[in-house]
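Coordinate analysis (summary)
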Amino acid sequence: MSYFAKVSLVDPDFVFDIQTTSCKDTRFTRCFWCFGPPKKTYKLLRPVLVIDGTFLKGRYRETLLTVITIDPSNYIFPLTFLKKDSETTESLTYFLEMFGSNFHGYDTRFVVISDRNL
């Protein structure tokens with residue numbers, strides 16, 4: 001059983017989406033995930049989102065994108081994650097669409113901060 005399937009057994013609000021190149025060639029392209037508690041407490045968080053990416057080293061050499069914010073106690077609060085194999089506009093668009101689809105129902109306006117090197 002995959003890690004994501006095990007987490008979804010414990011956290012029913014856990015969201016994940018894994019994309020591969022095709023049905024025959026199951027080469028990983030990107031994976032989005034968001035734990036349930038951030039979705040439930042989103043209204044309590046500060047309305048500033050920081051999107052940043054880091055390059056993973058080693059065998060896979062992929063990129064990890066994160067959206068973080070600040071909670072009421074002034075601690076960093078991670079919201080969503082995306083692991084992707086390439087830096088393309090398509091990957092960033094997918095990430096923002098997945099983020100928007102999971103947080104669209106919240107009547108909150110927010111500011112997005114990014115260094116644009118995603």
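Now for a quick tour of the structure. (Residues numbered from 1 in each chain as written. Predicted model: local features only at pLDDT ≥ 70, side-chain atom pairs only at ≥ 80, totals over all residues. Heavy atoms only, no water.)

The subject of this paragraph is a nonpolar patch on the surface. Residues Val48, Val111 and Ile113 make up a contiguous nonpolar surface patch of roughly 220 Å² in combined accessible area. Topologically, Ile113 is positioned in strand β6 (residues 111-114). On the accessibility criterion, Ile113 (42% relative accessible area) is partly exposed. (Patch = residues over 30% accessible without salt bridge, like charges linked within 9 Å, V, L, I, M, F, W, Y side chains within 5 Å. Areas by Shrake-Rupley, 256 points an atom, 1.4 Å probe, with all protein chains shown as cover. Salt bridge = Lys/Arg side-chain N within 4 Å of Asp/Glu carboxyl O. Helix = DSSP H or I, 4+ residues; strand = E, 2+ residues; numbered from the N terminus. Buried < 20%, exposed > 50% of the residue type's maximum accessible area, 1.4 Å probe, protein only.)

Moving on, we get to the packing of aromatic side chains. Following the criterion strictly, the structure yields nine aromatic pairs and no others. Relative to Trp33, the ring of Phe4 has its centre 5.5 Å away and its plane inclined at 45 degrees; by these criteria the two rings are tilted. Separated by 29 residues along the polypeptide, Phe4 in helix α1 (residues 3-10) and Trp33 in strand β2 (residues 28-34) bring together distant segments of the chain. Taken individually, Phe4 and Trp33 each receive the classification buried, so the pair is uniform in this respect. Here the basic side chain of Arg30 rests over the ring of Tyr94, its NZ or CZ set 4.7 Å away from the ring centre. (Phe/Tyr/Trp six-rings, centres within 6.5 Å; stacked < 30°, edge-to-face > 60°. Lys NZ or Arg CZ within 6 Å of the ring centre and 35° of its normal.)

Turning our attention to unusual backbone geometry. Of note, Asn74 is a non-glycine position whose phi angle comes to about 65 degrees, a positive value. Tracing the backbone through its elements, the reader meets Asn74 in the loop between β4 (63-70) and β5 (76-84). The exposure class assigned to Asn74 is exposed, which follows from its relative accessible area of 51%.

Taken in spatial order, the six strands make up an open sheet running β1-β2-β5-β4-β3-β6, and their pairing is mixed. Here the strands that pair on one side only, and so sit at the sheet edges, are β1 (15-20) and β6. Taken over all neighbouring pairs, the strand axes of this sheet differ in orientation by 20 degrees on average, direction set aside. As defined by bridge partners, strand β3 (residues 48-55) adjoins β4 across six bridges and the pair is classed as antiparallel. Note that in β4 the partner of Val50 across the bridge is Ile68. (Pairing = 2+ DSSP bridges. Axes fitted to C-alpha atoms, helices over the stretch in contact; angles between N-to-C directions.)

Attention shifts here to the pairing of β2. Residues in a regular strand project their side chains so that they alternate between the two faces of the sheet. For β2, a buried count of six out of seven residues is recorded, marking the element as mostly surrounded by other parts of the structure. Two strands pair when backbone bridges link them, and β1 and β2 are joined in this way by six bridges, in the antiparallel orientation. Pairing of Val15 across the sheet is with Cys34, part of β2.

Core analysis: the biggest nonpolar cluster contains 17 residues, and Phe32, Tyr42, Val67, Leu79, Phe95 and Phe99 have the highest contact counts within it. The set of elements that each furnish at least two residues to this core consists of β2, β3, β4, β5 and α3 (89-103). With five residues, the single largest contributor to this core is α3. Core analysis: the next-biggest nonpolar cluster, separate from the first, contains six residues, Val7, Phe14, Cys31 and Trp33 among them. (Core = buried A, V, L, I, M, F, W, Y, C linked by side-chain atoms within 4.5 Å.)

Counted according to the given criterion, the structure contains two salt bridges. A salt bridge links Arg30 to Glu90; its shortest N-O distance comes to 3.2 Å. In this pair, Arg30 sits in strand β2 while Glu90 sits in helix α3, placing the two residues 60 residues apart along the sequence. What makes Arg30 buried here is its relative accessible area of 10%. The partner of Lys83 in a salt bridge is Glu62, with the nearest N and O atoms 3.3 Å apart. With a gap of 21 residues between them, Lys83 in strand β5 and Glu62 in the loop between β3 and β4 connect regions that are remote in the sequence. A residue is classified by how much of its surface remains accessible, and Glu62, at 9% relative accessible area, is buried.

Don't take any of this as a statement about function, it's just geometry.
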